[in-house]
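What follows is the residue order along each chain.
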Amino acid sequence: MKVNVFDSREEMGKAAGKAVEKKILDILVEKENVRIIFAAAPSQDEFLAYLNDSKIIPWDRVVAFHMDEYVDLSEDSPALFSNFLRRKLFNKLPFKKVHLIEGQQLPEDECKRYSDLLQEAPIDIVCMGIGENGHIAFNDPSVADFDDPEIIKKVELEPSCRVQQVNDGCFLTMDEVPTHALTLTIPTLLQTEYICCVVPGENKRVAVHRALNGTIHTECPASILRLHPNCDLYTDRDAFSESTEPEDPNQFLAKDCLSEDHYFFQLDDKINKIKIGASYIHNPEIAYFGPGLVDLQVNGVNGIDFNETNISVEDIEKSTRFLLGKGVTTFFPTLITNEKQAIITILKTFLKACEEIPIVGTCIGGIHLEGPFISHLDGARGAHDQKLIQKPSWDLIAEFQEASGGMIKLITLAPEREDSSNLIKKCVENGIKVAIGHSIANKEALIKACESGAGLVTHFGNAIPLMLPRHPNILWDQLAIDSLFVSLIADGFHLDDSVLKVILKVKDEKVILVSDTTKFCGMPPGEYKTHIGDKVILEQNGRLSLKSGNGLLAGASLSLLEDVQHLIQNGLIGFAQAWKMGSVIPAFYMEIPPTQFEDDLVVFHISPTNPEIQVFKVIKTGIPVF
């Protein structure tokens with residue numbers, strides 16, 4: 001909003017009149033007619049006087065409206081806004097057409113009639129003021145709606161609004177002021193090319209200050225004018241307060257990447273999110289936001305390996321902070337096949353971290369045990385130590401669960417292992433999800449596992465033998481089971497884009513993106529030694545491979561955010577669906593309560609020319625954390 005302050009009301013009115021005069025002439029170069037909405041109030045006197053005296057405005061090309069009117073005042077009442085504007089302007093000049101709100105008619109009928117007139121063509125200019133309580137038109141704080149679906153509506157006037165009418169000299173007492181009026185709604189007023197807002201007088205000082213410097217909120221409806229791309233405020237010294245509050249970095253406008261709705265955010269101790277209409281948002285560089293990403297498979301990040309027994313509480317907090325910076329607000333530390341005591345030690349450390357550090361406790365959704373009940377065969381077992389792979393055992397899970405304080409929420413196993421169906425049933429009964437992975441199960445074993453309660457495929461297309469029958473094989477069988485969700489590592493290395501495209505089409509709403517990232521996520525390119533003794537090469541593009549394995553992948557190094565980015569950069573799926581696969585769908589699958597998840601948000605920038613997702617704010621449980 002451009003603010004213009006003058007020493008007198010006369011100077012203010014003249015400057016505002018000149019601005020509107022010029023705007024009318026500019027528009028009429030391009031259009032046959034110009035459509036203008038006028039406010040009716042003593043605050044507009046000097047402005048309307050200038051327009052009345054203009055010698056260059058072709059009024060026969062101007063179609064006029066006004067923005068509000070009292071209900072049930074007699075047609076000859078001098079307090080009617082229509083009569084005010086007749087006296088000041090409409091009866092003095094040869095307008096092409098003047099459309100007046102008729103407050104004596106049935107409100108429902110009049111709202112319909114006037115809505116139709118307003119919708120015949122776009123409104124070019126709105127000339128308005130600001131009320132003492134911050135209202136614009138008769139949108140008092142109690143009835144203001146930044147996303148109002150109505151064009152014009154009947155409202156009850158607040159006492160403060162009715163007092164203003166007495167202060168303005170329109171009525172002698174408050175009892176004379178009508179209690180109801182018809183008003184154009186806020187989105188209607190803001191759906192215009194240009195707004196000229198004229199606000200003089202000491203009585204308006206508080207409202208002007210709140211409109212310019214306060215939180216954008218319906219508590220001061222005029223505050224929304226700051227979001228209009230072409231709004232000029234004309235005021236005088238009496239109404240303008242020299243003291244201004246510094247711009248609040250925790251106030252911003254953003255577009256929901258899933259619904260495309262627009263919201264204004266005020267971040268204090270907790271998030272305040274206000275939905276506003278999109279029709280008057282013209283900024284192509286607007287930020288986006290989406291629900292926090294949920295990663296079901298994280299083996300480590302930023303040099304920290306979740307599978308090393310010397311991991312500390314401090315390491316886990318650092319990892320949590322790192323993931324928050326990547327937009328991951330919920331993650332499942334993933335422990336692979338290991339010695340029993342090693343797993344117990346690591347689980348106890350994670351439990352301690354969750355208990356001692358609140359942000360860790362809110363971000364860790366549970367533990368994912370990837371093993372040890374997997375296939376022992378080469379190809380299917382992946383990098384898991386063959387000597388430590390075990391037969392399905394509920395007793396072992398119960399021991400792990402006790403060490404974790406009940407944090408184990410997901411287990412990946414091979415359903416072809418003996419007695420796996422009973423174990424799956426036992427897990428499901430105890431609130432543990434079961435995924436199929438590191439497996440060479442045939443169709444019958446897969447179906448039996450699903451009937452027992454398994455619902456997910458871990459990193460589909462990976463941890464299976466390199467050579468498979470043409471058909472049938474485990475990939476076709478998993479895709480053919482409608483009930484199965486599949487998790488995908490969409491980093492461009494673990495699965496070819498053509499494979500990703502097919503899986504996305506077949507599974508659609510049952511696709512969950514996972515990173516399966518290792519401690520090398522966030523580390524610079526180079527050669528590294530792993531805790532199991534192998535050397536790996538981390539390339540500039542994020543590809544991680546065994547040095548001695550002829551390019552064989554050694555895990556993942558890209559975050560879930562980068563997986564989302566890969567899908568959209570390569571045109572494999574739309575942005576909204578890609579983000580949903582990394583957030584809403586995994587949260588749904590893991591049955592994270594909406595009340596726990598709805599205040600986890602990631603705010604980011606992304607442009608059509610540079611689809612790199614740049615996170616600049618992360619909100620966890622309603623609180624800014626990054």
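Residues numbered from 1 in each chain as written. Predicted model: local features only at pLDDT ≥ 70, side-chain atom pairs only at ≥ 80, totals over all residues. Heavy atoms only, no water.

### Things to note about the packing of helix 1 (residues 9-30) against helix 2 (residues 45-53)
Geometry of a packed helix pair, given as the angle between the helix axes and the separation of the axes.
Moving on, step 1. Packing of helix 1 against helix 2 brings their axes to within 7 Å, and their N-to-C directions diverge by 50 degrees. By the angle between their directions, the pair helix 1 and helix 2 is classed as oblique. For the crossing formed where helix 1 meets helix 2, the hand is right-handed. Counted together, Arg 9, Glu 10, Met 12, Gly 13, Lys 14, Ala 16, Gly 17, Lys 18, Val 20 and Glu 21 of helix 1 and Glu 46, Phe 47, Tyr 50 and Leu 51 of helix 2 form the full contact between these two elements. (Axes fitted to C-alpha atoms, helices over the stretch in contact; angles between N-to-C directions. Helix = DSSP H or I, 4+ residues; strand = E, 2+ residues; numbered from the N terminus. Parallel < 35°, antiparallel > 145°, perpendicular 65-115°, else oblique. Left-handed = near helix turned anticlockwise from the far one by under 90°. Contact = heavy atoms within 4.5 Å.)

### A word on the sheet that holds strand 8 (residues 180-184)
Moving on, step 1. Strands sit in the order 4-8-7 across an open sheet of three strands; the sheet is antiparallel. Each edge of the open sheet carries a strand with a single partner, namely strand 4 (68-70) and strand 7 (152-156). Across the sheet, the mean angle from the axis of one strand to that of its neighbour is 25 degrees, orientation sign disregarded.
Moving on, step 2. Across five bridges, strand 7 lies against strand 8 in antiparallel orientation. By the bridge assignment, Glu 156 is partnered in strand 8 with His 180. (Pairing = 2+ DSSP bridges.)

### Observations concerning the nonpolar core
Moving on, step 1. Among the nonpolar cores identified, the biggest contains 100 residues, and Phe 350, Leu 488 and Trp 579 are the most heavily contacted of them.
Moving on, step 2. Beyond its immediate sequence surroundings of up to four residues, Trp 579 is in contact with Cys 257, Leu 258, Gly 290, Pro 291, Leu 293, Leu 561, Val 564, Val 602, Phe 604 and Ile 613.
Moving on, step 3. One finds Leu 117, Val 126, Phe 146 and Ile 186 within the second-largest nonpolar core, a separate group that totals 47 residues. (Core = buried A, V, L, I, M, F, W, Y, C linked by side-chain atoms within 4.5 Å. Buried < 20%, exposed > 50% of the residue type's maximum accessible area, 1.4 Å probe, protein only.)

### What about the pattern of salt bridges?
Moving on, step 1. Inspection of every chain in the model, using the stated rule, returns 17 salt bridges.
Moving on, step 2. Between Asp 385 and Lys 387 there is a salt bridge; the shortest N-O distance is 3.4 Å.
Moving on, step 3. By sharing partners, the salt bridges in this structure join Glu 527, Lys 535 and Lys 547 into a single network. (Salt bridge = Lys/Arg side-chain N within 4 Å of Asp/Glu carboxyl O.)

### Concerning the packing of aromatic side chains
The geometry of two aromatic rings is summed up by the distance between their centres and the angle between their planes.
Moving on, step 1. Under the criterion given, the structure shown has 20 aromatic pairs.
Moving on, step 2. Summarising the aromatic geometry, the rings of Phe 90 and Phe 95 are spaced 5.3 Å apart at their centres and angled 85 degrees between planes, so their arrangement reads as edge-to-face. We note that Phe 90, like Phe 95, is buried.
Moving on, step 3. Note on Phe 520 and Tyr 528: the rings are 5.5 Å apart at their centroids and 50 degrees apart in plane angle, and the pair reads as tilted.
Moving on, step 4. Taking the relative accessible area as the measure of exposure, Phe 520 reaches 6% and is therefore buried.
Moving on, step 5. When its relative accessible area of 19% is taken as the criterion, Tyr 528 is described as buried.
Moving on, step 6. What links up through ring pairs into an aromatic cluster is the set Phe 38, Trp 59, Phe 90 and Phe 95. (Phe/Tyr/Trp six-rings, centres within 6.5 Å; stacked < 30°, edge-to-face > 60°.)

### Some details on the sheet that holds strand 25 (residues 526-529)
Moving on, step 1. The antiparallel open sheet is built from three strands, whose spatial order is 25-26-27. Here the strands that pair on one side only, and so sit at the sheet edges, are strand 25 and strand 27 (544-546). If you compare each strand with its neighbour and ignore which way they point, the axes differ by 30 degrees on average.
Moving on, step 2. The pairing of strand 26 (residues 535-538) with strand 27 spans three bridges and is classified as antiparallel. When the bridges of strand 27 are listed, Leu 538 appears paired with Leu 544.

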